[in-house]
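Residue-level structure breakdown
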Amino acid sequence: MQSIAILCSGGDVSSMNAAIKHFVEYSFENSLTPYFVYDGYEGLIDNNIKKASYSDVSGIINRGGTMLRSSRSSRFMKYSYRIIAVDNLKKLGIDMLIILGGDGSFRGMHKLSKEFDIKVCGVPSTIDNDIALSDYSLGVDTSLNVIKNAIDSIRDTASSFKRAFVIETMGRDCGFLALVSSLTSGAEMLLIPEVEYDLDKYKHRFKQQVSNGRNYFIAVVSEGIKDDAQSISKWFEEEIGIESRATILGHIQRGSNPSVYDRLMAYKFINHAVDALLDNKKSSVVCHSDSNFKLENIDDVVGTKKELDCSLLKLAKSML
Ligand code: F6P
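Residues numbered from 1 in each chain as written. Predicted model: local features only at pLDDT ≥ 70, side-chain atom pairs only at ≥ 80, totals over all residues. Heavy atoms only, no water.

A few words on the domain arrangement of the protein chain. Here the protein chain is described as being made up of domain 1 (2-139 + 258-304) and domain 2 (140-254). Once you take the C-alpha centre of each, domain 1 and domain 2 turn out to be 34 Å apart. If you look at the interface, domain 1 gives 18 residues, while domain 2 gives twelve residues. Summing both sides of the interface, domain 1 and domain 2 together bury roughly 1,200 Å²; the carbon and sulfur share of this comes to 49%. It is Ile127, Asp128 and Asn129 that lose the most area in domain 1 upon contact with domain 2, and together they represent 45% of the buried surface on that side. Between domain 1 and domain 2 we count one salt bridge in total. A salt bridge links arginine 254 to aspartate 12, with the nearest nitrogen and oxygen atoms 3.2 Å apart. Across the contact surface, domain 1 and domain 2 share eleven residue pairs in polar contact (both at pLDDT 80 or more). Within the side of domain 1 that touches domain 2, the residues separate by chemical class into six nonpolar, seven polar and five charged. (Domains from an automatic or database assignment. Contact = heavy atoms within 4.5 Å. Buried area = accessible area lost by both parts, 1.4 Å probe. Salt bridge = Lys/Arg side-chain N within 4 Å of Asp/Glu carboxyl O. Polar contact = N/O pair within 3.5 Å; in protein donor to acceptor, adjacent residues only side chain to side chain. Nonpolar A, V, L, I, M, F, W, Y, C, P; charged D, E, K, R; others polar.)

Read across the open sheet, the four strands follow the order β7-β8-β6-β9; overall the sheet is parallel. In this open sheet, the two strands that pair with only one neighbour each are β7 (189-191) and β9 (243-248). When the angles between neighbouring strand axes are averaged without regard to direction, this sheet yields 15 degrees. Direction of pairing for strand β6 (residues 163-169) relative to strand β8 (residues 217-222): parallel, over a ladder of six bridges. If you follow phenylalanine 165 over to β8, its bridge partner there is isoleucine 218. Where helix α5 (residues 140-158) meets the sheet, it contacts β6, β8 and β9, and its direction lies at approximately 165 degrees from that of β6. Against the sheet, helix α8 (residues 229-240) touches β6, β7, β8 and β9, its axis set at about 170 degrees to β9. (Pairing = 2+ DSSP bridges. Helix = DSSP H or I, 4+ residues; strand = E, 2+ residues; numbered from the N terminus. Axes fitted to C-alpha atoms, helices over the stretch in contact; angles between N-to-C directions.)

What follows is about the sheet that holds strand β11 (residues 292-297). Read across the open sheet, the seven strands follow the order β3-β2-β1-β4-β5-β10-β11; overall the sheet is mixed. Lying at the two open borders of the sheet, with one neighbouring strand each, are β3 (49-51) and β11. Strand-to-strand twist of the sheet, defined as the mean angle between neighbouring strand axes without regard to direction, takes the value 25 degrees. Of the strand pairs in this sheet, strand β2 (residues 33-37) and β3 are connected by three bridges, and their pairing is antiparallel. In the sheet register, valine 37 faces β3, and the bridge partner there is isoleucine 49. Helix-sheet contacts for helix α1 (residues 16-29) involve β1 (3-8), β2 and β4 (94-101), and the interaxial angle to β2 is about 155 degrees. Packing against the sheet, helix α4 (residues 103-115) makes contact with β4, β5 (119-124) and β10 (283-289), and its axis sits at approximately 165 degrees to β5.

Once that is clear, we can look at helix α7 (residues 200-211). When the terminal C-alpha atoms of α7 are compared, their 17 Å separation across twelve residues agrees well with the 16 Å that a helix rising 1.5 Å per residue should span. Within α7 the residues assigned to the buried category are Tyr202, Phe206 and Val210. One side of α7 carries all its buried residues, which in axial view fall inside an arc of 60 degrees. Facing away from the buried side of α7 by more than 90 degrees, the exposed set consists of Asp200, His204 and Ser211. Where α7 terminates, the next one or two residues include glycine 213, which has phi positive at roughly 110 degrees. (Expected span 1.5 Å × (residues − 1). Buried < 20%, exposed > 50% of the residue type's maximum accessible area, 1.4 Å probe, protein only. Arc of directions from axis to C-beta.)

This brings us to the site of the ligand. Around the ligand, the neighbouring residues are Arg72, Ile127, Asp128, Met170, Gly171, Arg172, Glu223, His251 and Arg254. One nitrogen or oxygen atom from the side chain of arginine 72 is found 2.9 Å from an oxygen atom belonging to the ligand. Considering the ligand on its own, with 400 Å² of exposed area, one finds that the protein chains cover 76% of that surface. Here the residues of the shell around the ligand sort into two nonpolar, two polar and five charged. A domain-level breakdown of the shell around the ligand finds at least three residues from each of domain 1 (2-139 + 258-304) and domain 2 (140-254). (Near = heavy atom within 4 Å. Areas by Shrake-Rupley, 256 points an atom, 1.4 Å probe, with all protein chains shown as cover.)

A separate point is the nonpolar core. Among the nonpolar cores identified, the biggest contains 65 residues, and Phe36, Ile98, Leu100 and Ile218 are the most heavily contacted of them. At eight residues, the largest contribution of residues to this core is made by helix α9 (residues 260-278). When residues of this core are sorted by domain, at least three fall in each of domain 1 (2-139 + 258-304) and domain 2 (140-254). Dropping the residues within four chain positions of it, leucine 100 is found in contact with Ile6, Leu7, Cys8, Ser9, Met16, Ala19, Val123, Ser125 and Ile270. In this structure, Ala5, Ala85, Ile118 and Ile298 belong to the second largest nonpolar core, which totals 26 residues. (Core = buried A, V, L, I, M, F, W, Y, C linked by side-chain atoms within 4.5 Å.)

Side-chain pairs of opposite charge can arise whenever the charged atoms involved come near each other. Under the criterion given, the structure shown has 15 salt bridges. Across the salt bridge formed by aspartate 39 and arginine 69, the nearest N and O atoms sit 2.6 Å from each other. Highlighted residues: aspartate 39 in the loop between β2 and α2 (40-45) and arginine 69 in the loop between β3 and α3 (79-91), separated in sequence by 30 residues. Assessed through its relative accessible area of 21%, aspartate 39 is described here as partly exposed. Between aspartate 279 and lysine 281 there is a salt bridge whose closest N-O contact spans 2.9 Å. Owing to a relative accessible area of 49%, aspartate 279 belongs among the partly exposed residues under this scheme. One network of salt bridges, with partners in common, ties together Glu42, Asp46 and Arg75.

Shown next, in the form of structure tokens:
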């Protein structure tokens with residue numbers, strides 16, 4: 001019987017557990033022996049690899065995070081540790097590996113696929129949604145819903161006062177979460193790393209709106225912009241003359257009960273990943289674009305910069 005392993009690397013996302021559950025089911029369906037690698041690439045180096053069974057994955061589909069745990073491994077960036085990691089897999093007869101992660105994890109996977117005779121397949125899993133050649137990464141829908149609920153709650157209190165609320169979303173250097181959240185929450189201002197901004201541009205309009213009776217503002221700003229949420233909040237107080245508060249949503253954006261969409265996508269991504277490995281694809285990433293799944297080569301995925309969707313940017317024009 002052939003053996004296959006799965007690991008989660010980098011920032012966890014909601015629905016990794018759904019993917020892990022289906023990995024076990026679909027491996028057995030294909031007469032494969034499934035293995036879990038715990039703690040991401042760290043566990044690969046430390047030989048924290050265990051045979052998986054159905055009972056391991058019962059009752060996990062509704063849980064955020066990952067039962068396999070994750071890590072950001074600096075050791076794995078060194079060739080000497082990657083030799084140990086691959087040796088651990090080889091000793092167990094595993095020559096197929098599925099990696100759930102984001103761009104940092106895929107750079108690790110890229111090295112692995114170049115240096116060793118092991119079949120690897122990536123499943124984009126990052127709330128940042130910054131994997132090139134894939135419109136969607138697992139966890140994004142759940143994260144957007146967490147942000148939507150948070151901004152809806154903030155709007156309740158904002159509308160009870162005369163205040164501006166500046167809400168910072170995650171994304172590292174990608175403004176996708178902020179872009180979609182500003183649209184779906186009806187914000188007045190959107191600041192993202194991909195679009196240069198000049199705060200002076202908003203000044204006249206916002207002051208006018210206040211004198212016309214506007215009581216509150218919602219500004220969505222992404223992690224990675226040149227200012228931080230606090231300084232944008234200060235700008236509202238000093239330049240617009242309205243009391244202001246900043247909220248940094250932080251890691252709540254990575255948690256929560258996975259959405260229906262993410263659970264289904266997790267199942268589909270896993271099927272494509274296992275099929276690709278069984279089909280002898282050595283180094284591919286399962287991408288989802290224009291509503292279709294496609295296998296892309298890891299070289300192209302790590303070598304391409306993801307651009308924000310122009311049609312979404314167009315919709316957000318009045319906030320930018
Ligand atoms: O990559 C996902 C992400 O949540 C980014 O949006 C954020 O910049 C980063 O991870 C935070 O990383 P950590 O959990 O290591 O603080």
